[in-house]
Each structure stands twice: as C-alpha cells, then as structure tokens.
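Close look at the chain arrangement
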Amino acid sequence: MRPYTIPILIAAGMSATIAVLAWRRRRMRGARLFSILMLAVAHWTLTYAIELEVPGLAAKVFWVKVQYAGIVVVPVAWLVFCIDYVDGRGWLSGWNTAALAVIPLAVVVLKWTNPYHHLMMREVRLVQTDAGPLLSISRGPAFWLHMAYAYASLLSGTVLLVQAYVRGGLAYRRQSRLLLIAAFIPWAGNLLYVFGGGALSRLDFTSFLFSVSGAIIFWALFRHRFLDLIPVARNTVIENMQDGLVVIDVENRMADLNPAAERLLGLTGREAIGEPVRDGLAEWPDLVTAYRAVGEGQAEVTVDEDGERRTYSATFSPIRRDDVRSSGRLITIHEITERKRAEEALRERAAKLQARNEELDAFAHTVATISRRP
C-alpha cells in the first residue's frame with residue numbers, strides 16, 4: 001500500500017463514522033442531509049483509495065467511474081444542506097430537489113458510456129510518477145459542464161452560509177464561522193487537481209479535504225447543539241422587544257436569547273449559549289420547574305431581585321418542523337409585577353368594600369330589629 005493511500009483510507013473511515021453519527025441524530029433538523037453528504041464523501045474517498053491501489057489502466061478507469069456516484073452527489077447534497085440550514089425548506093419541494101439531480105444523473109450516465117462518445121474523457125493514459133502510476137486524463141466538454149454545475153452548487157451553498165453569518169445572532173455567527181471555514185477547505189485541493197500541473201496535481205485530495213470539512217461541520221453543528229434551530233436573522237422586533245425570548249434546543253440547552261432576556265436573566269449570550277437549562281436559569285428556579293412541568297402553555301414564576309419579589313408570566317411554545325417534529329422550545333418572559341400588584345390592590349379594596357357592606361348590612365339589620373320592638 002502506498003503511503004499517501006493510508007490517510008485517504010482514514011479519511012474515508014472518518015467520513016463514514018460521521019455519517020452514521022449524524023444519522024443517529026436524524027430527528028434533528030438537517031441531520032439526514034448532512035449524513036447523506038458525508039456518506040457520499042465516504043464513498044468518493046474510499047473508491048479513490050481503491051483507484052490508487054489497483055494496477056492497470058482498465059482497473060483504474062473502472063474505479064474512476066464508480067467514484068462518480070459519490071462525486072456528483074457531494075455538491076448537490078452540500079447545496080441542499082445549506083438551504084435547509086438557513087431555513088429554506090419551503091424551496092426544497094420534491095420537484096426542485098429532483099431538478100437539482102438531473103445533471104448529476106446525466107453525468108453518471110455519460111461517465112459510464114464514455115467509450116461511445118468521449119464527452120467526459122477524451123483520452124486516458126497511465127503515467128509513471130514519483131507517487132507511482134497515476135491516471136492522466138484529457139477531459140471532454142461534459143466534464144467541464146459538470147465542473148461548472150458542481151462549483152455553482154458549492155458556491156451557492158457557501159453564499160447562503162455567508163448570509164447566515166451576516167444576519168445571524170451571536171450563536172449563529174459562531175456556528176456559521178466554522179461552517180464557512182469548512183466550506184472553503186476543499187476548494188484548494190480541487191482547484192489544484194483540475195487546473196494544476198505536475199505529478200502532485202494528478203493526486204486528487206478533494207475528497208480527503210471534504211472529510212476534514214465534515215469533521216469541522218459535525219463539531220460545529222452537534223457540539224453546540226444548534227442544528228434544530230433556525231439560523232437566520234432575528235429581526236428588529238425581536239431584538240428590541242421588551243419581553244425576554246429564550247430558545248431551547250432539543251437537548252434542553254440554551255441556544256439563543258434576545259437582549260431583553262439577557263437583562264432579565266442577568267446573562268450574556270456568550271455565557272448562556274450551550275448551557276443546560278438548569279444551569280443557565282439557576283437563579284430562576286421557579287422558571288426551571290415550570291419549564292419541566294409545562295410542555296406548552298403559561299405559568300407564573302417569581303424571583304427575588306434586590307430583596308424585592310417580582311412576578312413574571314412565562315409562555316412555553318414548541319418549535320416544530322413540518323408541524324410534526326420538535327426542533328426545540330421557545331420561552332417568552334413577560335413581567336407582570338405591576339399587574340399583580342394592581343390585582344392585589346383591587347382584591348384588597350374589594351375585600352374592604354365587602355367588609356364595609358357586611359358591616360352596613362349588620363347595622364341595618366340591627367336598626368330594623370330595634371325598630372320592630374314594641
């Protein structure tokens with residue numbers, strides 16, 4: 001086995017492992033698409049390692065053709081994953097997704113039927129290099145069409161991540177930054193392979209670098225537990241509203257909070273994001289209790305602030321995907337201290353008035369009793 005094949009095989013195993021781990025979290029939004037993406041990367045990487053190891057021109061060409069089942073899926077899966085990540089699910093209808101698959105399917109067919117038209121590969125030969133025997137391919141017009149489509153898909157997905165980064169809150173900027181880093185890593189290897197020269201350019205490191213990117217994406221998405229949430233811009237209303245908003249992910253961790261919630265809870269987003277509810281809301285035990293007891297609805301909670309007892313109304317709302325799957329919960333916190341005080345004052349006045357009426361009734365009864373005596 002050649003030395004450069006070993007890291008490629010390791011990358012294939014890593015991609016397959018990440019695909020399995022993501023699939024186990026498939027109820028989380030986007031996890032299925034990410035799993036498909038990494039499965040395609042694993043297929044591409046493994047079959048490329050086999051191509052490097054098998055002897056002879058015919059065997060290598062065969063495994064190049066097998067690779068394309070993964071190669072054509074990766075750009076489209078990346079684009080669809082990015083669309084889903086920025087909450088573009090409404091665009092991902094069955095017909096739109098099917099349309100994205102037309103060119104990849106056509107490329108696979110052209111690759112396997114290449115001997116009849118040479119649209120993908122005009123000439124293929126085996127050359128001896130310092131890295132061993134490698135393929136030298138003269139590419140046909142269909143290959144460049146496929147490259148244009150693949151680059152457009154990869155670039156479109158990356159642009160969506162840039163938009164998510166620019167518009168998102170603190171949590172999503174932190175996450176999108178990692179995704180952007182991961183998005184740009186494979187470009188260098190692929191550009192070198194397609195447009196470079198020399199023996200090094202005949203080694204395709206793209207799938208290996210996609211495996212590295214997949215590990216970064218997995219860390220960004222699942223380590224911080226935000227995949228179920230909508231990483232789009234929170235608009236001005238939410239940022240400036242007086243009520244506190246706290247977003248909780250499916251793992252019961254604090255995923256986001258608006259400035260009003262930061263003021264109420266005495267926390268910053270940097271401190272709170274990623275913390276379990278019980279830890280992030282430790283100073284609000286009544287709120288934690290209500291969160292555990294109330295799945296959907298309202299509850300009143302009290303908290304001591306500077307020696308003063310204050311009352312809040314907490315509304316718990318599920319965040320659902322496709323009206324079925326839960327993507328987390330939203331807590332809306334509204335202070336009702338003054339309203340409760342006003343209600344208490346009204347109750348006290350009503351009680352005093354009732355007592356006065358009872359006294360008057362008793363007095364009137366006494367007067368009436370006396371007046372009836374002979």
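Residues numbered from 1 in each chain as written. Predicted model: local features only at pLDDT ≥ 70, side-chain atom pairs only at ≥ 80, totals over all residues. Heavy atoms only, no water.

1. A look at empty space enclosed by the protein
Under the definition given, this model contains 2 cavities of 30 Å³ or more. Computed from the structure, the second largest cavity encloses a volume of approximately 40 Å³. Lining the second largest cavity, in full, are Leu-37, Met-38, Val-41, Trp-78, Phe-210, Ser-213, Gly-214 and Ile-217. In terms of residue count, helix H10 (residues 206–223) provides more of the lining of the second largest cavity than any other element does, 4 residues in total. Residue composition of the lining of the second largest cavity, by class: 6 nonpolar, 2 polar and no charged. (1 Å grid on protein atoms, 1.4 Å probe; cavity = no way out; pocket = protein on both sides within 12 Å on 5 of 7 lines; lining within 4 Å. Points joined across faces, edges and corners; volume = space filled by probe spheres on them. Helix = DSSP H or I, 4+ residues; strand = E, 2+ residues; numbered from the N terminus. Nonpolar A, V, L, I, M, F, W, Y, C, P; charged D, E, K, R; others polar.)

2. What to know about the packing of helix H2 (residues 31–53) against helix H4 (residues 73–85)
Between two packed helices, both the angle of their axes relative to each other and the distance between the axes serve to describe the pair. At a minimum axis separation of 9 Å, H2 and H4 run at an interaxial angle of 160°. As the angle between them shows, H2 and H4 are arranged roughly antiparallel. Between H2 and H4 lies a crossing of left-handed hand. Residues Leu-33, Phe-34, Leu-37, Ala-40, Val-41 and Trp-44 of H2 lie in contact with H4, whose contacting residues are Val-73, Val-74, Ala-77, Trp-78, Val-80, Phe-81 and Asp-84. Classifying every residue of the contact of H2 with H4 by side-chain character gives 12 nonpolar, no polar and 1 charged. (Axes fitted to C-alpha atoms, helices over the stretch in contact; angles between N-to-C directions. Parallel < 35°, antiparallel > 145°, perpendicular 65-115°, else oblique. Left-handed = near helix turned anticlockwise from the far one by under 90°. Contact = heavy atoms within 4.5 Å.)

3. Side note on the nonpolar core
The tendency in soluble globular proteins is for nonpolar side chains to be buried side by side. Ranked by internal contacts, the top residues of the largest apolar core, which has 54 residues, are Phe-34 and Trp-78. Where this core is concerned, the elements lending two or more residues are helix H1 (5–24), H2, helix H3 (57–71), H4, strand E2 (132–139), helix H8 (141–167), helix H9 (170–195) and H10. The element best represented in this core is H4, accounting for 10 residues. (Core = buried A, V, L, I, M, F, W, Y, C linked by side-chain atoms within 4.5 Å. Buried < 20%, exposed > 50% of the residue type's maximum accessible area, 1.4 Å probe, protein only.)

4. Re the packing of aromatic side chains
Applying the stated criterion across every chain yields a total of 8 aromatic pairs. A centroid spacing of 5.7 Å and a plane angle of 40° characterise the contact between Phe-34 and Phe-81, whose relative ring orientation is tilted. Of the two residues, Phe-34 sits in helix H2 while Phe-81 sits in helix H4, which places them 47 residues apart along the sequence. The exposure class assigned to Phe-34 is buried, which follows from its relative accessible area of 0%. Chaining the aromatic ring pairs together yields one cluster made of Phe-34, Trp-78 and Phe-81. Across the ring face of Tyr-291, the terminal group of Arg-329 is positioned such that the distance to the ring centre comes to 4.2 Å. (Phe/Tyr/Trp six-rings, centres within 6.5 Å; stacked < 30°, edge-to-face > 60°. Lys NZ or Arg CZ within 6 Å of the ring centre and 35° of its normal.)

5. With respect to the layout of surface pockets
If a probe the size of a water molecule is rolled over the atoms, the empty space left behind becomes visible. Of the pockets and cavities examined, the second largest pocket occupies roughly 260 Å³. Forming the boundary of the second largest pocket are 13 residues, of which Val-72, Val-73, Val-76, Ala-77 and Ala-101 lie nearest the centre. Listing elements by their share of the lining of the second largest pocket, those giving two or more residues are H2, H4 and helix H6 (102–112). Examining the composition of the lining of the second largest pocket, we find that 4 residues originate from one element, H4, more than from any other. Among the residues making up the lining of the second largest pocket, the classes are represented as 12 nonpolar, 1 polar and no charged.

6. Brief notes about H4
The end-to-end C-alpha distance of H4, which contains 13 residues, comes to 18 Å, matching closely the 18 Å that a straight helix rising 1.5 Å per residue would cover. Where burial is concerned, most of H4 is hidden: 12 out of the 13 residues are buried. Among the residues of H4, those classed as buried are Val-74, Pro-75, Val-76, Ala-77, Trp-78, Leu-79, Val-80, Phe-81, Cys-82, Ile-83, Asp-84 and Tyr-85. (Expected span 1.5 Å × (residues − 1).)

7. Considerations on the pattern of salt bridges
All chains considered together, the criterion is met by 2 salt bridges. We note a salt bridge from Arg-309 to Asp-304, for which the minimum N-O separation is 3.0 Å. Across the pair Arg-310 and Glu-335 runs a salt bridge, and its minimum N-O distance is 2.4 Å. Taken together, the residues span a long stretch of sequence, with Arg-310 in strand E6 (residues 308–321) and Glu-335 in strand E7 (residues 325–335) at a distance of 25 residues. For Glu-335, a relative accessible area of 32% puts it in the partly exposed group. (Salt bridge = Lys/Arg side-chain N within 4 Å of Asp/Glu carboxyl O.)

8. As for the pairing of strand E1 (residues 121–129)
Of the strand pairs in this sheet, E1 and E2 are connected by 8 bridges, and their pairing is antiparallel. Looking at E2, one finds that Arg-125 is bridged to Ser-136. The antiparallel hairpin formed by E1 and E2 contains 2 residues in its connecting segment. (Pairing = 2+ DSSP bridges.)

Note that all results are geometric; they support no functional claim without further evidence.
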